[in-house]
2 protein chains.
Amino acid sequence: MNGLKEIGEKALVAKRALGKLTTGEKNEILLKAAKALRDNYEVILKANETDLENGKKAGLKGSIIDRLALSKDRIYGMADGLEQIAKLPDPIGEVINMKTLPNGLIVGQKRVPMGVIGIIYEARPNVTSDAFGLCLKAGSAAILRGGKEAINSNKATISVFKKAISELGADENIVQLIEDTSRESATAMMKMNGYIDVLIPRGGAGLIQSVVQNSTVPVIETGVGNCHVFVDESADIDMAVNIIVNAKAQRPGVCNAAETLLVHENIAEKFLPVAVKALREKNVEIRGDKAVKAIVNDVKDAAEEDWATEYLDYILAVKVVKNIDEAIDHITKYSTGHSECIVSESYTNTQRFLQEIDSAAVYVNASTRFTDGNEFGFGAEIGISTQKLHARGPMGLKELTTTKYLIYGNGQIRE
Amino acid sequence: MNGLKEIGEKALVAKRALGKLTTGEKNEILLKAAKALRDNYEVILKANETDLENGKKAGLKGSIIDRLALSKDRIYGMADGLEQIAKLPDPIGEVINMKTLPNGLIVGQKRVPMGVIGIIYEARPNVTSDAFGLCLKAGSAAILRGGKEAINSNKATISVFKKAISELGADENIVQLIEDTSRESATAMMKMNGYIDVLIPRGGAGLIQSVVQNSTVPVIETGVGNCHVFVDESADIDMAVNIIVNAKAQRPGVCNAAETLLVHENIAEKFLPVAVKALREKNVEIRGDKAVKAIVNDVKDAAEEDWATEYLDYILAVKVVKNIDEAIDHITKYSTGHSECIVSESYTNTQRFLQEIDSAAVYVNASTRFTDGNEFGFGAEIGISTQKLHARGPMGLKELTTTKYLIYGNGQIRE
């Protein structure tokens, strides 16, 4: 993959140039890129039409075509996104934990850019714009590798960005697109140690697993969410119904939607009929264990695999548990470590749940749908980390940075 | 590797038990383990003798035999180390960035254990004790895989620990040793996703690269240090000589020792004769470029590969540079991103060096030898990260932890 090495070398040069830009200069690029998107929306739409035609010929599913399709509104939305990023505080430059050691050395950690960030994603051309904007604001050069279905849209978008960047006199290689969309190019990108500092996959479970399995570059694993809501015996029933309906049905296709409902046996007879009725009004299919079926009619059997499935659909697995211990054990066994919620009025049980559940986001009495960078007030999000290294939960600009130690001496040597 | 799956399952159980221990209980285990080391030093020494005999038969190098050899003093030193760890503040439980969102949700990040930490290391039986202590205090179960040369010492040490842990009624599987020291077991350990949350290699460049190349579990890359000292034209010559002698010769076999000296051309004629004399008094061999050889006698030629070599020995590569730009370019090209130092009285140049050098630790006017968890005041160190993800620079207890979001609601759902 000679092309990739060249892209890598260019990124190493670009990251040094980018590292010297002020916040104002980075924001200027973002704003100019936003304007360029609006000014050139027709060019991008035209490229997108080619992608859509190819996609239809290739028989892509309707949902993929939906994600692939751009419109004037969507492109303007991408531009709005870049302007939002320009308004966010610059994460770079903050110095933390600065202190003077007994020998007089002054030591602190400065927040600095990662350097080069790689993003691998699927047929969502808007990710091209988001990823560019977030990496730029975080001070890192971006190497983007989108799905082959969106290649024409991505090329058009990047070309618009590069022109805007060049016109401001900056290095256009602060963002680069890998135009070779073969599987080999993706695999080669995952081995670009020495060029790429971190690789972030954005997409479905298959893509993420492929990156985790094959990458020798450090990876931040994002996304898969088999999320649980546990309704404890002391739960407020109205609140619990609202939360599970929202967590399941407000937007079922996203990673922070609930997939399994666990119900304490002492509240099941009261709670389940109300909850299932409300869920069915939202067209949610219920799959339950024996105890659930004994309380509610027309429930399909939940098989073992249901407990482990991220449906991303209007389906909910439901199980009655003896107590909080069984709930915690079940979640520990099946969760992907994304978001879990307890609905309870018990002080002791809520504290136990917060303590013992080992997930990125643990909720008391609120919908799991809030696990999101914008909801958490970050202003932007590159993804939701389900690993424990570096970042866990929603990742904003800060999570796209690293630190380095600065040490100020006056001749200290080690004894 | 059925054995490994069993070890993984036991670790998953042990981490939950460990997560419920108080700081006092964890410290009690550390202190009892320290006492047990002292009480049983003869048992461990006997096992170590077997390792030493096997090692000599296998023709191991003297330096490896040195590292492998235990003594009563060394074992007591391991016990002291555990007692030190018991005295350190517990990193677990701190809640940071807690705030109330506009919708009333209260969101904060709690510092929590990683879960299960894997450590792969070579023939240093003291790492067995250090790693156990640090992982335990950080609340994580440890799976250790030491080099085959130290297997008997490691088994004896772990057996002493397990007995001490059991006697306190805790789960002895909070520390486990992989006794199969085949290459296959190491590779299999690197694929224990779902069991091991992070894998830390401790050892030489070969081991670290093998882990980086083969692991699908997230890795923290530690250690390789091709460290630079740049003596700027405005440097105080005495200070610069002291720093390079200390950085190179105080302990050349460690990763924070200097390997290349860069000297500004305007100070080279004054500085180099004094510096080389002082370095030669410490038996340091000088390998220089043409400009160096024109100033100092009996200097070997530095070849291209010298600039990229971590000697870990009494050898120093020396180069004369035109200015700080050439120094920064050279370091950017050859550094492994560990520790670099500028010796200078120029405000502008020291600021540029701190800003533009992309390494874990960047020094002004001090020896690179300070890049160390103990020197930085962490009280303990598991290694020095040269990657940008999660931790960069010396890693103490905090770097062995992760965070999770806690969200307190009162019925919030997403609109």
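The rules behind the values
Residues numbered from 1 in each chain as written. Chains lettered and ligands numbered in written order. Predicted model: local features only at pLDDT ≥ 70, side-chain atom pairs only at ≥ 80, totals over all residues. Heavy atoms only, no water. Helix = DSSP H or I, 4+ residues; strand = E, 2+ residues; numbered from the N terminus. Rg over C-alpha atoms; globule rule 2.2 N^0.38 Å. Contact = heavy atoms within 4.5 Å. Buried < 20%, exposed > 50% of the residue type's maximum accessible area, 1.4 Å probe, protein only. Buried area = accessible area lost by both parts, 1.4 Å probe. Salt bridge = Lys/Arg side-chain N within 4 Å of Asp/Glu carboxyl O. Least-squares fit on C-alpha atoms with pLDDT ≥ 70 in both. Patch = residues over 30% accessible without salt bridge, like charges linked within 9 Å, V, L, I, M, F, W, Y side chains within 5 Å. Areas by Shrake-Rupley, 256 points an atom, 1.4 Å probe, with all protein chains shown as cover. Pairing = 2+ DSSP bridges. Axes fitted to C-alpha atoms, helices over the stretch in contact; angles between N-to-C directions. Phe/Tyr/Trp six-rings, centres within 6.5 Å; stacked < 30°, edge-to-face > 60°. Lys NZ or Arg CZ within 6 Å of the ring centre and 35° of its normal. Lys, Arg positive; Asp, Glu negative; His and termini not counted. Charge placed at Lys NZ, Arg CZ, Asp CG, Glu CD. Parallel < 35°, antiparallel > 145°, perpendicular 65-115°, else oblique. Left-handed = near helix turned anticlockwise from the far one by under 90°. Nonpolar A, V, L, I, M, F, W, Y, C, P; charged D, E, K, R; others polar. Right-handed = clockwise from strand over helix to strand, strands pointing away. Disulfide = S-S within 2.5 Å. pLDDT = per-residue confidence, 0-100.

This part is about the overall build of chain A. Of the regular secondary structure elements, chain A holds 15 helices and 16 strands. Over its C-alpha trace chain A gives a radius of gyration of 24 Å, about what one expects of a compact globule, namely 22 Å for 415 residues. If one aligns the C-alpha atoms of chain A with their principal axes, the spans along those axes are about 70 × 70 × 35 Å. Across chain A, every contact between residues at least 6 apart in sequence was considered, and the portion connecting residues at least 24 apart equals 71%.

All names here are of chain B. Following the sequence through the fold, Val-217 ends up in the loop between helix 9 (205-214) and strand 7 (227-231). Looking at Val-217, the relative accessible area reads 2%, which means it is buried. Discounting residues that sit within four places of it in the chain, Val-217 has contacts with Met-189, Met-190, Lys-191, Met-192, Asn-193, Ile-196, Asp-197, Val-198 and Leu-199.

So, on to the interface of chain A and chain B. Of the residues lining the interface, 76 residues belong to chain A; the matching set on chain B comes to 76 residues. Taken together, the two surfaces of chain A and chain B that pack against each other cover about 6100 Å², and 50% of this comes from carbon and sulfur. On the chain A side of the interface with chain B, the three residues burying the most area are A:Leu389, A:Tyr405 and A:Arg414, jointly 15% of the side's total. Our count for the contact surface shared by chain A and chain B stands at 10 salt bridges.

As a further point, take the relation of the copies chain A and chain B. Relative to chain B, chain A is turned by 180 degrees and slid 0.0 Å along the rotation axis, the superposed coordinates differing by an RMSD of 0.0 Å. Here the two chains are linked by the operation of a two-fold rotation axis. The rotation axis passes nearest to the C-alpha of A:His390 in chain A, at a distance of 1.8 Å.

Here the focus is the pattern of salt bridges. Residue and element names in this part refer to chain A. This structure, assessed with the given rule, holds 52 salt bridges over all chains. Notably, a salt bridge pairs Arg-111 with Glu-94, separated by 3.5 Å at the nearest N-O pair. With a gap of 17 residues between them, Arg-111 in strand 2 (residues 106-113) and Glu-94 in the loop between helix 5 (72-87) and strand 1 (95-100) connect regions that are remote in the sequence. Under the relative-accessibility criterion, Arg-111 is labelled buried at 12%. Put simply, Glu-179 and Lys-155 hold a salt bridge, and the shortest N to O gap is 3.8 Å.

Residue and element names in this part refer to chain A. Among the surface-exposed residues, Val-95, Met-98 and Ile-106 lie close enough to one another that they form a single nonpolar patch of about 220 Å² accessible area. Tracing the backbone through its elements, the reader meets Ile-106 in strand 2. The exposure class of Ile-106 is partly exposed, given its relative accessible area of 34%.

Strand order in the open sheet made by the 10 strands is 1(A)-2(A)-16(A)-13(B)-12(B)-7(B)-8(B)-11(B)-9(B)-10(B), with mixed pairing throughout. Either end of the sheet is taken by a strand with one partner, and the two such strands are strand 1 of chain A together with strand 10 (300-301) of chain B. The pairing of strand 16 (residues 401-412) of chain A with strand 13 (residues 361-366) of chain B spans five bridges and is classified as parallel. In the strand pairing of strand 13 of chain B, A:Ile407 is matched with B:Tyr363. Along the sheet, helix 11 (residues 265-281) of chain B makes contact with strand 7, strand 8 (258-264), strand 9 (285-288) and strand 11 (315-321) of chain B, crossing strand 8 of chain B at roughly 145 degrees.

The next subject is the packing of aromatic side chains. Geometry of an aromatic ring pair is reported as the spacing of the ring centres plus the angle between the planes. Applying the stated criterion to the full structure yields eight aromatic pairs over all chains. Where A:Phe376 meets B:Tyr405, the ring centres are 5.0 Å apart and the plane angle is 55 degrees; that geometry is what we call tilted. Here A:Phe376 is found in the loop between strand 13 (361-366) and strand 14 (383-385), whereas its partner B:Tyr405 is found in strand 16 (residues 401-412) on a different chain. It is B:Arg38 that lies over the ring of B:Tyr76; its NZ or CZ is 5.6 Å from the centre. The ring centre of B:Trp307 lies 5.5 Å from the NZ or CZ of B:Lys319, which sits over that ring.

Residues and elements named next belong to chain B. Taken in spatial order, the four strands make up an open sheet running 5-4-3-6, and their pairing is parallel. Taken across any chain shown, the strands that pair with only one partner, and hence form the sheet edges, are strand 5 (175-177) and strand 6 (198-202). Neighbouring strand axes in the sheet, compared pairwise and without regard to direction, differ in orientation by 20 degrees on average. Note that strand 3 (residues 116-121) and strand 4 (residues 141-145) share five bridges and pair parallel. For Ile-119, the partnering residue across the bridge sits in strand 4 and is Leu-144.

A cluster of basic residues, A:Lys61, A:Arg67, A:Arg74, A:Arg124 and A:Arg251, forms a positive patch on the protein surface. Inspection of the secondary structure puts A:Arg74 in helix 5.

Quick look at the environment of A:Thr332 now. With respect to the helices, strands and loops of the structure, A:Thr332 is situated in helix 14 (residues 324-334). For A:Thr332 and A:Ile237, which are 95 residues apart along the polypeptide, the C-alpha to C-alpha distance reads 25 Å.

What follows deals with the packing of helix 3 (residues 41-57) of chain A against helix 7 (residues 151-167) of chain A. All names here are of chain A. Contact pair helix 3 / helix 7: the axes reach a minimum separation of 7 Å and the direction vectors enclose 165 degrees. Taken together, helix 3 and helix 7 sit at an angle that is classed as roughly antiparallel. Of the two possible hands of crossing, helix 3 and helix 7 adopt the one that is right-handed. Only Ile-151, Asn-152, Ser-153, Ala-156, Thr-157 and Val-160 of helix 7 make contact with helix 3, whose side of the interface consists of Val-43, Ile-44, Ala-47, Asn-48, Thr-50, Asp-51 and Asn-54. When its residues are assigned to classes, the contact of helix 3 with helix 7 shows six nonpolar, six polar and one charged.

Further remarks concern the side chain of A:Gln176. All names here are of chain A. Tracing the sequence through the fold places Gln-176 in strand 5 (residues 175-177). The buried category is assigned to Gln-176, whose relative accessible area is 4%. Contact partners of Gln-176, with chain neighbours within four places excluded, come to Ile-7, Lys-10, Ala-11, Ala-142, Ile-143, Leu-144 and Lys-162.

Next up on the list: the pairing of strand 9 of chain B. Residues and elements named next belong to chain B. Of the strand pairs in this sheet, strand 9 and strand 11 are connected by four bridges, and their pairing is parallel. From the neighbouring strand, Gly-288 faces strand 11, where its bridge partner is Val-318. Where strand 9 meets strand 10, two bridges bridge the pair, whose relative direction is parallel. Its bridge partner lying in strand 10, Arg-287 is registered against Lys-300. As for the winding sense of the linkage, the β-α-β connection from strand 9 through helix 12 (residues 290-295) to strand 10 is right-handed.

In this section: the pairing of strand 16 of chain A. All names here are of chain A. Most of strand 16 is tucked away, with nine of its 12 residues classed as buried. Looking at chain direction, strand 2 and strand 16 are connected through eight bridges and run antiparallel. Bridge pairing in strand 16 places Ile-106 opposite Tyr-408.

This next bit is on the state of the cysteines. Two cysteines form a disulfide when their sulfur atoms are joined by a covalent bond. All names here are of chain A. Across all of its chains, the model carries zero disulfides over all chains by this definition. Cys-227 takes part in no disulfide bond, and the closest cysteine sulfur, belonging to Cys-255, lies 6.9 Å away. You can call Cys-227 buried: its relative accessible area is 0%.

Further remarks concern the confidence of the model for chain A. On average, residues of chain A score 96 in pLDDT, and 100% of them are at 70 or above. Taken over the whole predicted complex, pTM reads 0.93, whereas the ipTM for its chain interfaces reads 0.94.

This part covers the packing of helix 10 (residues 237-249) of chain B against helix 11 of chain B. Residue and element names in this part refer to chain B. Interhelical geometry of helix 10 versus helix 11 gives an angle of 40 degrees and a closest axis separation of 10 Å. Taken together, the axes of helix 10 and helix 11 lie oblique to each other. By crossing handedness, the relation of helix 10 to helix 11 is classed as right-handed. Here helix 10 contributes Ile-237, Ala-240, Val-241, Ile-244, Val-245 and Lys-248 to the contact with helix 11, which in turn contributes Ile-267, Lys-270, Phe-271, Val-274, Ala-275, Ala-278 and Leu-279.

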